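So you can see what is in the structure, the chains are spelled out below.
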Amino acid sequence: MSEGKLELSVQPLSQPGPEQNLQPPPLSQQPVPTPDPPEADRRGRTQLEQQRPKPDFLKHRWLLVLLLGFLSSAAFGGLLYYILNSLPANHYQAHEECLSPACQWASARLSVSADPFSRPCDYFLHTCTSDRLSSSTGSSRRRQDIYGHPQSLGGDDGGGLQGSAPGSSEEDVLDRKAALLLYLREILESQESWGSTAVRKARRFYQTCLDTKSIDSAGAEPFLALVQKLGGWPVSGQWIGTDFNSTLRILMKDYATFPFFSLQVGRDPKEITSGKPKKYIQIDQPNLLIPIEWNSTTQKSQAITQTLLPFLASCQTYLALLGSPPNSSTIHLYTFVSLSSELAVAAAPRHYRLSKGLLYQRMTIKELQRHAPAIDWLGGLQAAFPSLPLTEDDLVLLHNLPYLVQMSRIIGKWLNKHEPRTSSPLHTYMVFHLLHTVMPAMDSRFTETAKKLSVALGTREGVAPRWKHCVLQTERGFNSVFGNILSERFHKVHREQVEEIIQNILSSFKSKLHELEWTDPKSLQFVMKRVDSLIPRLWITLDSSSEAELDLLLSESSTQTFFSNYVRLLSFWQKRRNKLLFEQAEVINPVSVTPLLLGNELFFPPGMFVPPLFHSTYPRAMHYGIMGFLIAKDILHLILPDIYSYSATVHAVGECVWTHYLAVTEKEEHDGALSLSPVQLQEVWLQYSALQIALQAYNQSLKSNPSDTSVSGLPFIPLFLRAFSQVNCDSDRYRDFMPLEPSFLTTVLCSTSNRCPTNLHCPNKSQQHSFRTC
């Protein structure tokens, strides 16, 4: 495979010229018959010619005729070849139509979707969110560190499942997370009697989640019964005054609930390069319930004033649903909000902690106990990680020691202020966190209250359908089961095709690096050394041990409710976290939609390659237009996270693309009001480069194998671009930094290129501009 520099436009395909099918003209022509001349004249001419010396060229006149005929044929053929090859390759390439069910689905989708080449003004200016251009900061408020979202069984690592883009539907966009959710739904709702016992239990769990009638009829009773196991609750009047630290230990061990701090497992980044396999317990600030925001001026968190009333209203509703009398719930409500506010102010966003060197701070458990004495750290960690022989001399990694110190002081103050036997705001605080942990399994009155608060906070748009909620909860509990299914299916049909795409994308990515104008040649050398050392791997794993644990955890009894099974899975989740400490290899989530870079290994999970984004029968044009672009975008994000600081090309190309957009939308008269921030310019350059890399990789694939199939009769390049233009709302972690939809990049690519079916100009102000190539 060539690693040389590749042009960013699609080169003509290596096809035999049409002249090969043409018959060359005859090498000689027979003389036309004429009347015979008089015999005397004929003899005279013959004698004269015999006496006159013949020129040399006449001696070889037949050879001359042969040569002239050949040259004429070659000139004609060459001219024809030039004319045909000066046209886009897709104008003359014949195609075999793909007729597989997957291709028929894709064809039907193309037939009902907007044609970007006939309606560029309507199509390419579509946006997935309304606030995309609301500020030049490149992120809306909901992407900042707001500690107002509830804890859940599974966290989002940036590539996990959190639903599709807000304001969009699975039928409208080809979003990676939405596509995987639909694929998992198909598995769960399949009527086929296949799979292991754990697979069947996953389906049963999913079905009990869909049974909202049974969930609603149970009401709050399952949760109140759970609270009684913790010693009751002052709010309900049944309270035996349990010890603060003993209650906290139970929450962490059995219910994966961490009210005052969070626990994770992982390596120290400083040791990863040295190859040390040791993993540590990592202690961080928790996901707090009260909504706050970071004040960059005061360098402190503060409550969001406009959200305090909706937050209070939601807490009051929860208390009422749990049977708390109105006259006794008020004091509990306000002490809970007061305690939450004190803890929240001590928290800080990750970027601030990173700048202050607060991440991955080493400390022994004994030292931590001295800094934050209100928490029984050794007892709590031993409860959360029972299989680990912890001592007070073991090291842990801290991510915000000032918060932990302040948290301990706050807890100590509240413990001294209230008599545990009569009232305990700390216990109420922990019960509220437990409620949010099990909220996905509660009846619709609780979930509707949570949705209203999310809308008031601006953190959620629209209401997810019940099936999506249930798929997410099932995936979080049965992650290993889905991983086994995805790995098995992927290995059977996708492996060879995916490996080719990844290799071609990496090859084109390397050539793109050499095109950048680097501020420091050493930076290019450093990046190229890192890229050359990359080892791409397909993450295919079969975890039978986890399935066996699930078999033991969930009985076959049909009387089990969704709530009881959900609570059991919370315990299983914490046990799985406990196992991470003993596993040498890094655990990669197979049910993920983005690659993971660990050292010099680039892992691609099978969750990336599911229909309708990818199918083994698709034409390669669709593979590269969809998955090729997404893979290129992911690799650029992983390898060049801060490329803006090292290359002037990023700024120039980003501005060029943005100029195209402003011209088409007639917004340049805003006099710079819509200028982009550096992080936005980088994202524009990155996604435009990803499209170029994918197109170049597809061209590289065609050079090695010129044949490809078609969908809806579309030639190679139009099909590539049509497939790409449908992936216009991919909700990755960088989504809010992109000020325009990626589908618009096709207009920039085609503005001066004869490789596109047509010049994609809107019939408005864009026609008055002479666009340059970006």
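Residues numbered from 1 in each chain as written. Predicted model: local features only at pLDDT ≥ 70, side-chain atom pairs only at ≥ 80, totals over all residues. Heavy atoms only, no water.

- As annotated in an unreviewed UniProt entry, the protein carries the name Kell metallo-endopeptidase (Kell blood group) and is attributed to Takifugu rubripes.
- In its Cofactor (unreviewed entry) section, the UniProt entry covering the protein states "Zn(2+)". (UniProt positions renumbered as here; feature names shortened; annotations may be inferred.)

### Comments concerning the overall build of the protein
Part 1 of the argument: Scanning the protein for helices and strands turns up 30 helices and 13 strands.
Part 2 of the argument: In the protein, buried positions account for 51% of the 774 residues.
Part 3 of the argument: Here the analysis covers contacts within the protein between residues at least 6 apart in sequence; of these, 79% occur between residues at least 24 apart.
Part 4 of the argument: Only carbon and sulfur atoms are counted for the fraction: they give 54% of the accessible area of the protein, which is about 35,700 Å². (Helix = DSSP H or I, 4+ residues; strand = E, 2+ residues; numbered from the N terminus. Buried < 20%, exposed > 50% of the residue type's maximum accessible area, 1.4 Å probe, protein only. Contact = heavy atoms within 4.5 Å. Areas by Shrake-Rupley, 256 points an atom, 1.4 Å probe, with all protein chains shown as cover.)

### Some words on the pattern of salt bridges
A side chain of one charge can pair with a side chain of the opposite charge if their charged atoms are brought near each other.
Part 1 of the argument: Applying the stated criterion across every chain, the model contains 13 salt bridges.
Part 2 of the argument: When the shortest N-O distance is used, the salt bridge between Arg185 and Glu189 registers 3.1 Å.
Part 3 of the argument: Judged by its relative accessible area of 26%, Arg185 is partly exposed.
Part 4 of the argument: The salt bridge involving Arg353 is made with Asp284; its shortest N-O contact spans 2.8 Å. Note that Arg353 is positioned in helix H14 (residues 350-355) and Asp284 in strand S5 (residues 280-284), a separation of 69 residues in sequence. Take Arg353 and Asp284: they sit in the same class, and that class is buried.
Part 5 of the argument: The network of salt bridges with shared partners includes Asp268, Glu271 and Arg362. (Salt bridge = Lys/Arg side-chain N within 4 Å of Asp/Glu carboxyl O.)

### Brief notes about the sheet that holds strand S8 (residues 361-364)
Part 1 of the argument: Strand order in the open sheet formed by four strands is S4-S5-S9-S8, and the pairing between neighbours is mixed. Each having just a single partner strand, strand S4 (262-266) and S8 make up the two edges of the open sheet. Across this sheet, the average inter-strand angle for adjacent strands is 35 degrees, counted without regard to direction.
Part 2 of the argument: Bridging between S5 and strand S9 (residues 395-398) involves two bridges; their strand directions are parallel. (Pairing = 2+ DSSP bridges. Axes fitted to C-alpha atoms, helices over the stretch in contact; angles between N-to-C directions.)

### Points about the state of the cysteines
Part 1 of the argument: Applying the stated criterion across every chain, the model contains three disulfides.
Part 2 of the argument: With a sulfur-sulfur separation of 2.0 Å, Cys98 is cross-linked through a disulfide to Cys103. Disulfide Cys98-Cys103: the torsion about the S-S bond is 80 degrees, which places it as right-handed. Across the pair, exposure class does not vary: Cys98 and Cys103 are buried alike.
Part 3 of the argument: Disulfide pairing is shown between Cys209 and Cys470; the S-S distance is 2.1 Å. Judged by the sign of its S-S torsion, about -85 degrees, the cystine formed by Cys209 and Cys470 is left-handed. Taken together, the positions of Cys209 in helix H7 (residues 197-210) and Cys470 in helix H20 (residues 466-477) put the pair 261 residues apart, joining distant regions of the chain. (Disulfide = S-S within 2.5 Å.)

### A word on the sheet that holds strand S12 (residues 601-604)
Part 1 of the argument: Judged by pairing direction, the sheet is mixed, and its three strands sit side by side in the order S10-S12-S11 without closing on themselves. Among the strands making up the open sheet, the edge pair consists of strand S10 (535-538) and strand S11 (596-598). When the angles between neighbouring strand axes are averaged without regard to direction, this sheet yields 25 degrees.
Part 2 of the argument: Taken together, the three bridges between S11 and S12 define a ladder with antiparallel strand orientation. Along S12, the bridge assignment pairs Leu596 with Phe603.
Part 3 of the argument: Of the strands in this sheet, S10 and S12 are in contact with helix H22 (residues 495-515), which crosses S10 at around 155 degrees.

### Considering the nonpolar core
Part 1 of the argument: With 106 residues, the main nonpolar core has Phe223, Phe260, Phe261, Leu263, Ile283, Trp377 and Met407 as its most contacted residues.
Part 2 of the argument: Two domains each provide a minimum of three residues to this core, namely domain 1 (211-465) and domain 2 (471-542 + 566-760).
Part 3 of the argument: Residues within four places of Phe260 in sequence aside, it is in contact with Phe244, Leu248, Pro286, Leu343, Tyr403, Met407, Ile411, Leu426, Tyr429 and Met430.
Part 4 of the argument: Residues Phe509, Val531, Met608 and Met738 belong to the second largest nonpolar core, which totals 86 residues. (Core = buried A, V, L, I, M, F, W, Y, C linked by side-chain atoms within 4.5 Å. Domains from an automatic or database assignment.)

### Thoughts on the packing of helix H12 (residues 305-321) against helix H18 (residues 425-438)
Part 1 of the argument: Two numbers describe how H12 lies on H18: the axes approach to 12 Å, and their chain directions differ by 85 degrees. The angle between H12 and H18 places the two elements in the roughly perpendicular class. Residue-level inspection shows Cys315, Tyr318 and Leu319 of H12 in contact with H18, the latter providing Phe432, Leu435 and His436.
Part 2 of the argument: Grouping the constituent residues of the contact of H12 with H18 by class yields five nonpolar, one polar and no charged. (Parallel < 35°, antiparallel > 145°, perpendicular 65-115°, else oblique. Nonpolar A, V, L, I, M, F, W, Y, C, P; charged D, E, K, R; others polar.)

### Quick word on the confidence of the model for the protein
Part 1 of the argument: Residues at a pLDDT of 70 or more form 71% of the protein, whose mean pLDDT is 77.
Part 2 of the argument: Mean pLDDT values for the elements of the protein range from 41 in helix H3 (residues 61-86) up to 98 in helix H15 (residues 365-371).
Part 3 of the argument: Here residues 1-92 scores under 50 on pLDDT; set against residues more than four positions off or in separate chains, the count is 73 contacts.
Part 4 of the argument: The model gives residues 162-172 a pLDDT under 50, and that stretch makes 32 contacts with residues more than four places away or in other chains. (pLDDT = per-residue confidence, 0-100.)

### Remarks on helix H13 (residues 326-346)
Part 1 of the argument: Compared with an ideal rise of 1.5 Å per residue, which puts 21 residues at 30 Å, H13 spans 31 Å between its outermost C-alpha atoms and is within 8% of the ideal.
Part 2 of the argument: Along H13, the residues that are buried comprise Ser329, His332, Leu333, Thr335, Phe336, Val337, Leu339, Ser340, Leu343, Ala344 and Ala346.
Part 3 of the argument: The inward-facing, buried residues of H13 abut strand S6 (292-295), strand S7 (300-303), H12, helix H17 (401-417) and H18. (Expected span 1.5 Å × (residues − 1).)

### Details of the packing of aromatic side chains
Part 1 of the argument: For the structure shown, the criterion picks out 21 aromatic pairs.
Part 2 of the argument: Their ring planes at 65 degrees and their centres at 5.5 Å tell us that Phe244 and Phe260 sit as a pair that is edge-to-face. Of this pair, Phe244 sits in helix H10 (residues 244-255) while Phe260 sits in the loop between H10 and S4, and the two are 16 residues apart along the sequence.
Part 3 of the argument: Since its relative accessible area comes to 8%, Phe244 is described here as buried.
Part 4 of the argument: According to the relative accessible area criterion, Phe260 is buried, its value standing at 0%.
Part 5 of the argument: Their ring planes at 90 degrees and their centres at 5.1 Å tell us that Tyr661 and Phe744 sit as a pair that is edge-to-face. (Phe/Tyr/Trp six-rings, centres within 6.5 Å; stacked < 30°, edge-to-face > 60°.)

### Let's talk about the pairing of S6
Part 1 of the argument: Pairing of S6 with S7 involves four bridges; the strand directions are antiparallel. When the sheet's bridge partners are listed, Asn295 is paired in S7 with Lys300.
Part 2 of the argument: Where S6 folds back onto S7 in an antiparallel hairpin, the turn is made up of four residues, including Gln299, whose phi is positive at roughly 60 degrees.

### Looking at unusual backbone geometry
Leaving glycine out, the prevailing phi sign among residues is negative, and the prevailing peptide bond configuration is trans.
Part 1 of the argument: A cis geometry characterises the amide bond from Pro611 onward to Pro612, with omega recorded as 0 degrees.
Part 2 of the argument: Positionally, Pro612 belongs in the loop between S12 and helix H26 (620-639).
Part 3 of the argument: Unusually for a residue other than glycine, Gln299 sits at a positive phi of about 60 degrees.
Part 4 of the argument: With respect to the secondary-structure elements, Gln299 resides in the loop between S6 and S7.
Part 5 of the argument: With a phi close to 60 degrees, Tyr360 is a non-glycine residue in the positive phi region.
Part 6 of the argument: Relative to the helices and strands, Tyr360 is located in the loop between H14 and S8.

### Some details on the side chain of Asp268
Part 1 of the argument: Mapped onto the elements of the fold, Asp268 is located in the loop between S4 and helix H11 (269-272).
Part 2 of the argument: Residues within four places of Asp268 in sequence aside, it is in contact with Tyr280, Tyr360, Arg362 and Leu397.

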